[in-house]
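Summary of structural features
Next come the chains, spelled out residue by residue.
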Amino acid sequence: MSNQIDQLSTNQAGHLEIGGVDSLDLVKQYKTPLVVYDVKSIRDQIHHFQKVFQDNGVDFAVSYASKAFACIAMFQLINQEKAHIDVVSGGELYTAIKAGFPMERVSFHGNDKSREELEMAVEHQIGVIILDNFHEIDLLKEVLEDKQSHINVMLRVTPGVSAHTHEYDQTGQVDSKFGFDIQSGQARKALGLVLEDQRMNMLGIHCHIGSQIFEVKGFEMAAVKLIDTLADWNKEIGYVAKVVNVGGGFGIKYTEDDDPIAPEMFVDAIVKAIKKRTEEVNLPMPAVWIEPGRSIAGPAGYNLYTVGSRKDVPGIRSYVTVDGGMGDNIRPALYQAKYEAVLAKNPSAPIKETVRIAGKYCESGDILIQKQDLPATQPGDVLAMLDTGAYGYAMASNYNRNPRPAVVFVENGKSQVAIRRETFEDLVALDEEFN
Ligand code: LLP
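Definitions and cut-offs
All residue numbers refer to positions counted from 1 along the written sequence of the respective chain. Where local features are concerned, this predicted model is filtered to residues with pLDDT of at least 70; where side-chain atom pairs are given and counted, the filter is 80 or more; whole-chain, interface and lining totals use all residues. UniProt positions are given in the numbering used here, feature names are shortened, and annotations may be inferred rather than shown by experiment. Reported domain spans reflect what an automatic or database domain assignment gives. Whether two residues are in contact depends on their C-beta atoms, placed from the backbone: they are in contact if these lie within 7 Å. The secondary structure listing takes helices from DSSP runs of H or I that are at least 4 residues long and strands from runs of E that are at least 2 residues long, numbered from the N terminus. Side-chain classes are defined by residue name, with Ala, Val, Leu, Ile, Met, Phe, Trp, Tyr, Cys and Pro counting as nonpolar, Asp, Glu, Lys and Arg as charged, and the others, Gly among them, as polar. Placing the C-beta atom from the backbone, one calls a residue near a molecule or strand if that atom lies within 6 Å of it. To sort residues by exposure, count the other C-beta atoms lying within 10 Å of each residue's C-beta; 20 or more gives buried, 12 or fewer gives exposed, and values between give partly exposed, all with C-beta atoms placed from the backbone.

The chain is annotated in an unreviewed UniProt entry as Diaminopimelate decarboxylase from Lentilactobacillus buchneri subsp. silagei CD034. Looking at the Sequence similarities (unreviewed entry) heading of the UniProt record, one finds this comment for the chain: "Belongs to the Orn/Lys/Arg decarboxylase class-II family. LysA subfamily."

Pasting the structure below:
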């Protein structure tokens, strides 16, 4: 049996328990499909990251990559833990504003920020805009001039490191849509443009090499590349960075096939690599910022589904269908992402069969788990899919006009709604009559 299941909590009745609440009680109260977050798990992972920096005696920011899962309650929780957030759209920024999130702890990413988005960022005086391309530098110059304002910026650069991960999840290699290329001199040119503008305060540089990465080496190489770049800029024009932001991407365990080190151990290695290199090239130690998304939100999330129909294809396999699918978790269909699921009423019940867990969407590719060992199941049983907290609800859609699930936060035996379940009324709320 995999570690994933061994690590689950069960109560006296043998039911899966999340944040001290019986998962079957959650289902009774909120129905399925249901997304559940274990709040303590989110807090703990942020603390683990913070502690690594403290232990290394380094200035830092843990900036939650909110694209993994964003809503008002999530931002308020992140704020309680004194972490930063990064946003990638006006919508994420708006959510942060609505949550009362301190704007000085917000970074703004994106490879095509619009003029309106930049205006919003400047009006709200967010902590830093992470510049991605020359068009954006021009736009931001105009916005700052119009508004007679100032803002902190960083440059996102591509260090030329290929992370060992799914192709769609790689971003740090030279042939990428993100950031300024170091090798060809684009990053150096961008630095010049930023420094000549008195309205931009150049905090430092950023890179993000990819997501769901298991190897430390790529992070260390990227970190060294950033410091070497800063050393070149220092020699040439005396520039000294206050911040080096190494992005996110720390891989997590989804199934027994995954064996990553703890997320904070990646950070420990990165910090040590930066310390060593800055000493070697004689630069002051900058603050180190990280942007973990998956490692904070992923392991904290559970998707609860009710089992419905079943199809046994003689001699081939059995399909067990649940009341959700690609609308609430597109990752298996889009990236062939793998997950594990358990029977909520008895996660360690003896295994009876191996089945394919299908979603309810009208598409053959709507399979949540290709092969899952399960005890015997009946219609009405609840299945809990594990580690679904990152890029699940965040990438949810209304395909087939299915309402998106509710999202519930649980902690210390109490639950609260973070996002209410969509209704059919919500689904037609934007529709206009045809005349
Ligand atoms: N910082 C930047 C600039 C990023 O682009 C990302 C993720 C992160 C931080 C957070 O990376 P994490 O720690 O979550 O790996 N939808 C895909 C993942 C896309 C990640 C995009 N960027 C998936 O479901 O696997």
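And the narrative resumes.
In this section: the domain arrangement of the chain. Where interface size is given, it is often the accessible area lost as the parts come together that is meant. Domain boundaries assigned for the chain yield domain 1 (3-31 + 300-428) and domain 2 (39-296). Relative to domain 2, the C-alpha centre of domain 1 lies at a distance of 33 Å. On the domain 2 side, the residues contacting the 20 residues of domain 1 number 20 residues. Of all the secondary structure elements, the ones that give two or more residues to the side of domain 1 that touches domain 2 are helix 1 (3-6), strand 20 (406-411) and strand 21 (414-419). No other element matches the 4 residues that strand 20 contributes to the side of domain 1 that touches domain 2. Residue composition of the side of domain 1 that touches domain 2, grouped by class: 12 nonpolar, 4 polar and 4 charged.

Here we take up the site of the ligand. Near the ligand, the surroundings consist of 22 residues, among which Ala65, Ser211, Gly248, Gly293 and Tyr391 are the closest. Elements with a contribution of two residues or more to the shell around the ligand: helix 11 (294-297) and helix 12 (331-335). Split into classes, the residues belonging to the shell around the ligand amount to 7 nonpolar, 10 polar and 5 charged. Residues from two domains meet in the shell around the ligand; each of domain 1 (3-31 + 300-428) and domain 2 (39-296) gives at least three.

Our focus in this paragraph is the UniProt feature "active site" (unreviewed entry) in the chain. According to UniProt, the positions carrying the feature "active site" (unreviewed entry) are Cys362. Within the secondary structure, cysteine 362 is located in the loop between strand 17 (353-358) and strand 18 (367-374). Residue classification places cysteine 362 among the exposed positions, given that 9 C-beta atoms sit within 10 Å.

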